[in-house]
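Report on the structure
What follows is each chain in one-letter form.
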Amino acid sequence: MTGTHTAAALVLEDGRIFRGTAYGARGRTLGEAVFCTGMTGYQETLTDPSYHRQIVVQTAPHIGNTGWNDEDDESQRIWVAGYVVRDPARVPSSWRATRSLDSVLVEQGVVGIAEIDTRTLTRHLREHGSMRAGVFSGDALVADDDMVAQVLASPKMKGADLAREVTTSKPYVVPAIGETRFRVAALDLGIKANTPRQLVRRGVELHVLPAGSGIDDVLATEPDGVFLSNGPGDPETQGDAIELTRRVLERGLPLFGICFGNQILGRALGLSTYKMRFGHRGINVPVIDAATGRVAITSQNHGFALEGEPGQRFDSPFGKAHVSHYCANDGTVEGLRCEEVPAFSVQYHPEAAAGPHDAAPLFDDFVTMMEARHAQAH
């Protein structure tokens, strides 16, 4: 656990301060305070690039019980800006664990805080919305007014272009498992490791491209389809990705987007996006299929959303489209489907490695879409 019980403070931009003990690295970190309701899968959460520049508050009280292993990372590193937990495990207990969560946080320089009332903190964020925050410990723990001033001087999430900070530096290929049936160009806006696994096991050879890639880069891979990944930041900043999506739609290439990719497709179709009050972050979010009424329990992580109403049909530059899915909790747009070009997207994570897996068949839908286009061409 924390060992020496070094004092620490979580400071919110509205002046609220929560005091506890240092967890992980000591020092200072700044970011947007958000809460995640998942009771499992903290390793996947910490390594999800979509959490870049966010201080994640775990609502589950006991964190670190299963330690850390070498198989469950969703990327090459921890991306969260800071970590807030109530009761860290003293000793990890899992046959898969190779080390403790605390030691990995220290190793990767992630400043955290423990032993605070995360329930009260979560209620505060639900009432007042996600906000800028800082975690301070060790020499960084200074006068309250000074810490609040540092938080207020930090950048806001609205208007933040973060995809370029998490994307791959150069293209790479993930070969299909077994026979190669299709080739897909994937735009890496913060892609998670389980996405390529889901696609390659369906016979897809995946060509992963950096954020900022253009239509010529996509066409050079000779793709049967295009995939838009999840990612962090404000979708309004993603002019290149939105323009690329329009060029893909013009050519009639099958397109599938998840999370950030859903917002990119929506903006390419003419919809607007907005900053949510506190977002959706967890693995138990109910989503309704507007056409069938079927409910899927989903994994989500987003602080922005598309404007729209459940089942809404609208005209786009590429023909008619509609809101295909919506959140049962608050009516938020959770999916889009184009009616005249082969393109669809969802706001949630069908690739969620920690579960649930209700939405995994969406990858099959993408393959079916590519099969249909291939059949038309021949």
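On a predicted model such as this, the values are computed, not experimentally measured, just so you know.

Along its length, the protein carries 10 helices and 20 strands. In terms of overall dimensions, the protein is globule-like: its C-alpha atoms have a radius of gyration of 21 Å, near the 21 Å expected for 378 residues. With respect to the principal axes defined by its C-alpha atoms, the protein has extents near 70 × 40 × 40 Å. With 378 residues in all, the protein has 58% of them scored as buried. Sequence-distant contacts, at least 24 apart, represent 74% of the contacts inside the protein between residues at least 6 apart. Summed over all atoms, the accessible surface of the protein reaches about 15,200 Å², with 47% contributed by carbon and sulfur. Averaging the coordinates of the 36 positive side-chain charges in the protein and doing the same for the 47 negative ones gives two points 2 Å apart.

Moving on to the sheet that holds strand S9 (residues 131-137). What the 7 strands build is a closed barrel, ordered S1-S2-S8-S6-S4-S3-S9; its pairing is mixed. Each strand axis lies, on average, 35° off the axis of its neighbour in the sheet, ignoring direction. Where helix H4 (residues 144-152) meets the sheet, it contacts strand S1 (7-12), strand S2 (17-24), strand S3 (28-36) and S9, and its direction lies at approximately 135° from that of S9.

Each full turn of the α-helix corresponds to 3.6 residues, which orients residues three or four apart in the same direction. For helix H8 (residues 239-250), spanning 12 residues, the distance from its first C-alpha to its last is 17 Å, which sits close to the expected 16 Å at 1.5 Å a residue. Tucked inside the fold, the buried residues of H8 contact strand S11 (182-188), helix H7 (215-219), strand S13 (225-228), strand S14 (255-258), helix H9 (260-268) and strand S20 (343-346).

A few words now on the pattern of salt bridges. Following the criterion strictly, the structure yields 20 salt bridges and no others. The salt bridge involving Glu 13 is made with Arg 132; its shortest N-O contact spans 3.2 Å. Remark: Arg 132 occurs in strand S9 and Glu 13 occurs in the loop between S1 and S2; sequence separation between them is 119 residues. Of the residues examined, Arg 132 reaches a relative accessible area of 10% and is grouped as buried.

About the criteria used
- Residues numbered from 1 in each chain as written.
- Predicted model: local features only at pLDDT ≥ 70, side-chain atom pairs only at ≥ 80, totals over all residues.
- Heavy atoms only, no water.
- Helix = DSSP H or I, 4+ residues; strand = E, 2+ residues; numbered from the N terminus.
- Rg over C-alpha atoms; globule rule 2.2 N^0.38 Å.
- Buried < 20%, exposed > 50% of the residue type's maximum accessible area, 1.4 Å probe, protein only.
- Contact = heavy atoms within 4.5 Å.
- Areas by Shrake-Rupley, 256 points an atom, 1.4 Å probe, with all protein chains shown as cover.
- Lys, Arg positive; Asp, Glu negative; His and termini not counted.
- Charge placed at Lys NZ, Arg CZ, Asp CG, Glu CD.
- Pairing = 2+ DSSP bridges.
- Axes fitted to C-alpha atoms, helices over the stretch in contact; angles between N-to-C directions.
- Expected span 1.5 Å × (residues − 1).
- Salt bridge = Lys/Arg side-chain N within 4 Å of Asp/Glu carboxyl O.

Geometry only, nothing functional implied.
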